Amino acid sequence: MNMLEVFVSSLEEFQPDLVVLSGLHMMDGQSKELQRKRLLEVVTSISDIPTGVPIHLELASMTNLELMRSIVHQQVFPVVTSLGLNEQELLFLSQAASGPHSSLSSWSGVPDVGMVSDILFWILKEHGRSQNRASDLTRIHFHTLVYHILATVDGHWANQLAAVAAGARVAGTQACATETIDASRVSLRAPWEFSTSHLEAGSRITVNPSKPVVEWHREGISFYFTPVLVCKDPVRTVGLGDAISAEGLFYSEVHPQ
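Labelled according to an unreviewed UniProt entry, the chain appears under the name ADP-dependent glucokinase isoform X3, originating from Echinops telfairi.

Novice: Now, about the sheet that holds strand S1 (residues 19-21): what can you tell me, with residues and values included?
Specialist: Spatially, 7 strands are ordered S1-S2-S3-S4-S5-S11-S10 in an open sheet, and the strand pairing comes out mixed. Only two strands of the sheet have a single neighbouring strand rather than two, namely S1 and strand S10 (214-218). Direction aside, neighbouring strands of the sheet carry axes that sit 15° apart on average. Bridge count between S10 and strand S11 (residues 221-227): 5 bridges; the pairing is antiparallel. Considered in S11, the bridge of Arg218 is made with Ile221. Running over the sheet, helix H4 (residues 113-127) touches strand S4 (139-143), strand S5 (147-153), S10 and S11 and is turned about 25° from S5.

Novice: Give me the lowdown on the side chain of Glu87, citing residues and values where you can.
Specialist: Among the secondary structure elements, Glu87 is positioned in helix H3 (residues 87-96). Lacking a salt bridge, the buried Glu87 has Arg189 as its closest oppositely charged neighbour, with an N-O distance of 11 Å. Side chain to side chain, Glu87 and Gln88 meet in a polar contact 3.5 Å long.

Novice: An account of the packing of aromatic side chains is requested, with residue identities and associated values reported.
Specialist: Within the structure shown, the criterion is met by 6 aromatic pairs. Aromatic side chains Trp216 and Phe223 sit 5.4 Å apart centroid to centroid with 10° between the ring planes, which places their arrangement in the stacked category. The same class applies to Trp216 and to Phe223, which are both buried. Among the aromatic residues, those joined into a cluster by ring pairs are Phe142, Tyr147, Phe194, Trp216, Phe223 and Phe225. Over the ring of Trp157 we find Arg139, and its NZ or CZ is 5.1 Å from the ring centre. Against the face of Phe121 rests Arg218, its NZ or CZ located 4.0 Å from the ring centre.

Novice: A description of helix H6 (residues 240-250) should follow, citing residues and the corresponding values.
Specialist: The complete set of buried residues in H6 reads Leu240, Ala243, Ile244, Ser245, Gly248 and Leu249. Lining the buried residues of H6 we find strand S2 (55-58), strand S3 (82-85), S4, S5, strand S6 (157-158) and helix H5 (160-176).

Novice: Explain the pattern of salt bridges residue by residue, including any values.
Specialist: Overall, the coordinates contain 5 salt bridges when judged by the stated rule. Among the ionic pairs, Glu66 bridges to Arg69, the shortest N-O distance being 3.4 Å. One end of the pair is Glu66 and the other is Arg69, both in helix H2 (residues 65-73) and 3 residues apart, which spans about a single turn. You can call Glu66 partly exposed: its relative accessible area is 34%. Taking relative accessible area as the criterion, Arg69 reaches 29% and is therefore assigned partly exposed. A salt bridge links Arg218 to Glu200, with the nearest nitrogen and oxygen atoms 3.1 Å apart. With a gap of 18 residues between them, Arg218 in strand S10 and Glu200 in the loop between strand S8 (193-195) and strand S9 (204-206) connect regions that are remote in the sequence. Relative accessible area serves as the criterion here: at 35%, Glu200 is assigned to the partly exposed category. Here the salt bridges share partners, and the residues they tie into one network are Asp118, Glu200 and Arg218.

Novice: Got a sec to walk through unusual backbone geometry? Specific residues and values, please.
Specialist: A positive phi angle, close to 65°, is found at Asn159, a residue other than glycine. When you line up the elements, Asn159 lands in the loop between S6 and H5.

Novice: Give me the nonpolar core: which residues, what numbers.
Specialist: The biggest cluster of nonpolar side chains holds 66 residues, and the ones touching the most others in it are Leu57 and Ile149. Per-element tally for this core: the top contributor is H4, with 8 residues. When sequence neighbours within four positions are dropped, the list of residues in contact with Leu57 reads Leu21, Leu24, Ile71, Val76, Phe77, Val80, Ser82, Leu83 and Gly84. Judged by nonpolar contacts, the second largest core, of 5 residues, contains Ala163, Val164, Val213 and Tyr224.

The rules behind the values
- Residues numbered from 1 in each chain as written.
- Predicted model: local features only at pLDDT ≥ 70, side-chain atom pairs only at ≥ 80, totals over all residues.
- Heavy atoms only, no water.
- Pairing = 2+ DSSP bridges.
- Helix = DSSP H or I, 4+ residues; strand = E, 2+ residues; numbered from the N terminus.
- Axes fitted to C-alpha atoms, helices over the stretch in contact; angles between N-to-C directions.
- Contact = heavy atoms within 4.5 Å.
- Buried < 20%, exposed > 50% of the residue type's maximum accessible area, 1.4 Å probe, protein only.
- Lys, Arg positive; Asp, Glu negative; His and termini not counted.
- Salt bridge = Lys/Arg side-chain N within 4 Å of Asp/Glu carboxyl O.
- Polar contact = N/O pair within 3.5 Å; in protein donor to acceptor, adjacent residues only side chain to side chain.
- Phe/Tyr/Trp six-rings, centres within 6.5 Å; stacked < 30°, edge-to-face > 60°.
- Lys NZ or Arg CZ within 6 Å of the ring centre and 35° of its normal.
- Core = buried A, V, L, I, M, F, W, Y, C linked by side-chain atoms within 4.5 Å.

Shown next, in the form of structure tokens:
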């Protein structure tokens, strides 16, 4: 998927391969009326994007539960194709919309893979595309410090093993400010054994170091897990989430519907 950052005065002036939407967190602290107005403007702007162009929404840290509920329920989620977020944003989203593990106040250490998987599954099942729901959401790229997960609705995306691996690679190189992975400057801290769910009888998975990207499936949704080579002394972390999602999208193949 080719991506280019460019400024245009009108969406009629270009035919993008992908549109990335971010900055919704900047509505935090505004009045409910202003938030509602801005969200409506966002949805209206999205409706101007040519049909068939994937839209990726990169979430950022929020403190306003009502704003997150509006993003989930008031027509923002259904009109985006892909979603990128970290562990704080994932848990806050679940708390705002009464999703799985929403009673958890915060993560204790490394986010539990099974719990993360449960929330990702719930988002795509409750708010993603299905035969009975007019939603475009079919992909979520979750990134935390020590591992990443890509979750996709089957039949809409390809090459996701490479995409999740690419996102993990750029996390190591950008944080260390190196062109390639420097083995002396990174470490592996991901769990090497985990359950894929805590709400149902999930599989117990042991990661193979020679084939670290793991794949599993659950009711029409595919999950792709990879450990991250974590930079021991990071020098560049601003915009890291955006870089991870962008690299994953670059390696992704979307199936036209």
